[in-house]
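Listed below, chain by chain, are the residues.
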Amino acid sequence: LPAVLLATTLLTLITLAAALTGLVTVGAAAAAAAYRQYTDDLPPVSDVGNRNVFKTTRILDRNGDLLYELFDQNAGKRTVVHLADMAPEFVDAELAVEDPTFYDNPGIDPKGIARAAYQLVSSRSVQSGGSTITQQLIRNVLFDPQERTAISLDRKVKEAVLAVELNNRYSKDQILEWYLNEISYGNLSYGVAAAAATYFNKEPGELTLAQSAMLAGLPQAPSIYDPFTNVDAVKRRQVEVLDLMARHGFISQAEADETKEEPLQLVSPDNAGTPMRYPHWVFYVRSVLEEMYGPKQLLSAGLTVYTTLDPHLQDIAQDDINLNIPALRSQNANNAALVAIEPQLGEILAMVGSPDFNDTSIDGQVNNAVALHQPGSSIKPIVYLASFLKGFSPATIVQDSPLSLPDGAGGTWKPQNFDLRFRGPVTLRRALGNSLNIPAVRVLQFVGLDNAISLARKMGLTSLLDPSNYGLSFVLGGGDVRLVELATAYTVLADGGDQVAVSPILKVLDSEGNVIFQHQATRQSVVDPRAVYLVSSILSDNSARTETFGVNNPLRLKNDRPAAAKTGSTDDYRDSWTMGYTPSLVTGVWVGRSDHQPMRVSGSSGAGLIWNNFMERALADWPFEPFDPPTGVVRERICTGPPPDEGEPCPSVQDWFLEERAPSAQAKFAARVYALDRVTGQLADRDTPYDDIILKTFRPSLNGDTGLPPADYSARAGAAHPWEILPATLIPTVLPTSTPTPGPSPTPSPGPSPTETATPTPRPSLTPVPTRTPIPFELLPAPIAPTVRVSEPRAGQVVSGTIAIEGTVSSADLNSYRVQYDQANITGQWTTVREAEGTTSVADNQLDFWDTRTVPDGSYWIHVTGVSDTGGVAQAGVVVIVRNAGR
């Protein structure tokens, strides 16, 4: 660039500065005066090679004992090397990322200055950066920490003037050498030599193209692109650097694409001569501090950081993991992590990322407490919690029967229980306590994937992505999460629905001893505490899990200390989890392999043993803390089936319910048909258009899991005229000739309900609610019967074993369908295979499975009944021959 153009560019920027800041009037004299003002007090560029003395940041445990010091740039990890000793691939990668025109520009980017000048004139503020390598070096070495981070025209002018002067005084190679020995690559590694040793245990001249591209991508955001805690982000950044190298002609696109496929083999950091207690914890805290203050200020401001770590519990956690690892190795596991949190204060008390930070055979430097892993069934409590918020209870009965679902790829997904057994109807207490998979999938179907993930995020699982990335396998652990995040979500369960922001830091002091950050245990209610209690009552009920885990299982603490716990294992046993809590301590444990190979470890036998040992030792001096039921839950006994004989009591269980959904509360409401406004979801009124009126039956349920009718009325035009349809058993065959007198509904008389008859239901008459005007009868839609047919098995077919019952139950307003069987020519002995309520239509697809081995050989009816919301009923059936004997 000609000297005249360079001078003109600088003078233009300085002249604009002078005009906008009111220094002098615009003109040549003004520019000259402004130039002198900006340059008279600038430090000499010869100071670039010197190092300022930065204050050391000290990281302490909660007791004030030193864990590690983050050194300034003089005392940190740095080995100065010459440019000639650096791998050419590394130099090219840095140039491609930071300053592709470095060897051609005068120390500044004229285009960037012109752009900044235009923005300055148009908006009267500095808006864009685009600093060259020379400018970045000036900023990092010659400016103090406050000035280098300031967004101001004054700083940009000084930076540009010094960059040009530095460029004129020193060679390009010298400037680049200083820069590549100056910048941070994360994890206390300053300069290329320290970075090459930290991540690859290599000299800077030995770096490959893949390794060079990885390192060149780190300085932009070392806390985010941390190879030890965020490998996926680092790999994505490496790909970006390779593409930049190809774009600027340093390598071909073919070389870039080929290098992208190479795996990154990290080695243990070289911490010789730098004593560090609990390295996983220190690096985790450091990443949090960098987010708070930035990497440069963190290493220069002289902070004193009190962390939440309890060294006593940390030593227990590390000891328990190391004691159990030898036994786990015999089951093909070699790695484990643990996180312990005080839920009421949101303080992380212990964090172990691996058995041995320095064991490269297990990638020990990777912190598995913050790495992504599949949680298996340990995610189930959140889905069950969502179901309790939506109307289910621990006594709700779901079917543990074969389930076949589309897998989204044209195939079929058939989830299985861990023991490959089916138990038929089970309560949610039994299903969650014993970690049954098929009932969990059915619960997620009821809850809805969006609702489940929304609740999980609200509770702290921020690593979960868009719900469209998951399917129903989410409830079995199909989405990656971080151990520290899942433990955070469990703090909401431990704290009765309240959430306190989880932090690894108690307080931060500046170099003068002033408190600049203090963790506040501010709590907010994020989930109904009553629904949370229903989950805790199951997870702390040892009898609810004995079918799977036995009486004396690892989830049971000594002397029956109250504790809630849930295991988790992925389908191929690549991950083993146990998450558990008391009201004052949440502990999560992960067991796996660094190479993600399958193990022979279940959630209870792997992570469960570590969890049990840690909880016993950690809580040894703590009082017993029960899970007290909150106001608004009641314990009632309910029937789980019909009486075995006339006059005998029905089989029953006792369980907890939300007060308004308890059986006694549901029993106050007889089965009634209500007219609803399809648009508002409320009770319809006179102003509801005909096409928007739907009829829906609300009936009490044995286990209180059906919703109550709406309590409010639609008011489309500002005036509400609600009405109520008579109970189904009172629907007359002749319409009344006059409007009934307002008053309470008459006592229901015996008679079939719409769900128990195959004949079309006549139009109902109306009885007005007291003080309300009934809707005119003519506005009510007529009942519409669904389409029902059975396509498989065919009539007269000989069947055996477990068979799929396929067919169609279709209606625009389908309410439910029922699949039953009975021995031919024997009436009144119908056995229900499936009762599906609130379902969507099924068209030529699976309705359910029937294990014919549970009945004697012979002829059987298979019968399907469909019911619409308007009261329409249709039925279909076939006779088949069951023959299992001799097979």
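For the structure itself, look to the data block above.
Residues numbered from 1 in each chain as written. Predicted model: local features only at pLDDT ≥ 70, side-chain atom pairs only at ≥ 80, totals over all residues. Heavy atoms only, no water.

Asker: Help me get a handle on the overall build of the chain, residues and values and all.
Answerer: Across its full length, the chain carries 24 helices and 32 strands. The buried share among the 887 residues of the chain stands at 54%. In the chain, 70% of the contacts between residues at least 6 apart in sequence involve partners at least 24 apart. (Helix = DSSP H or I, 4+ residues; strand = E, 2+ residues; numbered from the N terminus. Buried < 20%, exposed > 50% of the residue type's maximum accessible area, 1.4 Å probe, protein only. Contact = heavy atoms within 4.5 Å.)

Asker: Explain the sheet that holds strand E1 (residues 57–60) residue by residue, including any values.
Answerer: The strands that make up a sheet pair up through hydrogen bonds in the backbone, lying either parallel or antiparallel. Across the sheet, which stays open at both edges, the five strands sit in the order E2-E1-E3-E13-E14 with mixed pairing between neighbours. Unpaired on one side and paired on the other, strand E2 (66–70) and strand E14 (515–518) mark the two borders of the sheet. The mean angle between the axes of side-by-side strands here comes to 15°, regardless of whether they run parallel or antiparallel. Sheet analysis places strand E3 (residues 304–307) next to strand E13 (residues 505–509), joined by four bridges and oriented antiparallel. Considered in E13, the bridge of Tyr306 is made with Lys507. Of the strands in this sheet, E1, E2, E3, E13 and E14 touch helix H13 (residues 279–293), which is tilted by about 55° from E13. (Pairing = 2+ DSSP bridges. Axes fitted to C-alpha atoms, helices over the stretch in contact; angles between N-to-C directions.)

Asker: I'd love a proper account of the packing of aromatic side chains, names of residues and values included.
Answerer: All told, the structure shown has 15 aromatic pairs when counted by the stated rule. Look at Tyr533 and Trp656: their rings are 5.3 Å apart centre to centre, the planes differ by 90°, and that puts the pair in the edge-to-face class. Linking Tyr533 in helix H21 (residues 529–539) with Trp656 in strand E20 (residues 652–658), this pair joins segments that are 123 residues apart in sequence. Given a relative accessible area of 16%, Trp656 falls into the buried group. Over the face of the ring belonging to Phe102 we find Lys172, whose NZ or CZ atom lies 4.5 Å from the ring centre. Geometry around Phe446 places Lys390 over its ring, the cationic atom sitting 5.0 Å from the centre. (Phe/Tyr/Trp six-rings, centres within 6.5 Å; stacked < 30°, edge-to-face > 60°. Lys NZ or Arg CZ within 6 Å of the ring centre and 35° of its normal.)

Asker: Please set out the side chain of Arg593 residue by residue, giving values where relevant.
Answerer: For Arg593, the location among the structural elements is in the loop between strand E18 (585–592) and helix H23 (607–618). Given a relative accessible area of 15%, Arg593 falls into the buried group. Engagement of the side chain of Arg593 in a polar contact is seen with the side chain of Asp595, the distance being 2.8 Å. When sequence neighbours within four positions are dropped, the list of residues in contact with Arg593 reads Asn332, Ala333, Asn334, Asn335, Arg574, Pro598 and Met599. (Polar contact = N/O pair within 3.5 Å; in protein donor to acceptor, adjacent residues only side chain to side chain.)

Asker: Tell me about the packing of helix H3 (residues 88–98) against helix H8 (residues 172–182), and name the residues and values.
Answerer: H8 packs onto H3 with a crossing angle of 90° between their chain directions and a minimal axis gap of 12 Å. Comparing the axis directions of H3 and H8 gives the class roughly perpendicular. Of the residues in H8, those in contact with Phe90, Val91, Glu94, Leu95 and Glu98 of H3 are Leu176, Tyr179 and Leu180. Within the contact of H3 with H8, the residues separate by chemical class into six nonpolar, no polar and two charged. (Parallel < 35°, antiparallel > 145°, perpendicular 65-115°, else oblique. Nonpolar A, V, L, I, M, F, W, Y, C, P; charged D, E, K, R; others polar.)

Asker: Explain the pairing of strand E7 (residues 397–400) residue by residue, including any values.
Answerer: Every second residue of E7 is oriented toward a common face, the buried set being Val398 and Asp400 and the non-buried set Ile397 and Gln399. Pairing analysis gives four bridges linking E7 to strand E10 (residues 424–427), with the strands arranged antiparallel. Residue pairing for E10: Val398 is matched across the bridge by Val426.

Asker: Quick rundown of the nonpolar core? Include the residues and the values.
Answerer: Residues Phe474 and Tyr581 are the most contacted members of the largest nonpolar core, which totals 93 residues. When residues in this core are grouped by element, the largest group, nine residues, is from helix H20 (residues 483–494). When residues no more than four places from it in sequence are discounted, the contact partners of Phe474 are Ile379, Val383, Leu444, Leu449, Ala452, Ile453 and Leu464. Listed in part, the 42 residues of the second largest apolar core include Val91, Ala193, Ala196 and Leu218. (Core = buried A, V, L, I, M, F, W, Y, C linked by side-chain atoms within 4.5 Å.)

Asker: So what's going on with helix H10 (residues 209–216)? Residues and values would help.
Answerer: Among the eight residues in H10, eight count as buried, and that is most of the element. Restricting attention to buried positions, one finds in H10 the residues Leu209, Ala210, Gln211, Ser212, Ala213, Met214, Leu215 and Ala216. Those residues of H10 that are buried lie in contact with H3, helix H9 (191–200), helix H11 (231–247) and helix H12 (253–260).

Asker: Tell me about unusual backbone geometry, and please be specific about residues and values.
Answerer: In this structure, Pro793 follows Glu792 across a cis peptide bond, with omega equal to 0°. Tracing the chain through its elements places Pro793 in the loop between strand E25 (787–792) and strand E26 (798–799). A positive phi angle, close to 55°, is found at Tyr278, a residue other than glycine. Along the chain, Tyr278 falls in the loop between H12 and H13. A residue is classified by how much of its surface remains accessible, and Tyr278, at 15% relative accessible area, is buried. Look at Leu420: it is not a glycine, yet its phi comes out positive at around 60°.

Asker: A description of helix H16 (residues 380–390) should follow, citing residues and the corresponding values.
Answerer: Here H16 lies mainly inside the structure; nine of its 11 residues are buried. Where H16 is concerned, the buried positions are Lys380, Pro381, Ile382, Val383, Tyr384, Leu385, Ala386, Ser387 and Phe388.

Asker: Give me the environment of Cys639: which residues, what numbers.
Answerer: Examined against the element boundaries, Cys639 turns out to sit in strand E19 (residues 633–639). On the basis of relative accessible area, Cys639 is assigned to the partly exposed category, the value being 26%. Once the C-alpha coordinates of Cys639 and Pro663 are considered, the two residues, 24 residues apart in sequence, prove to be 9.7 Å apart.

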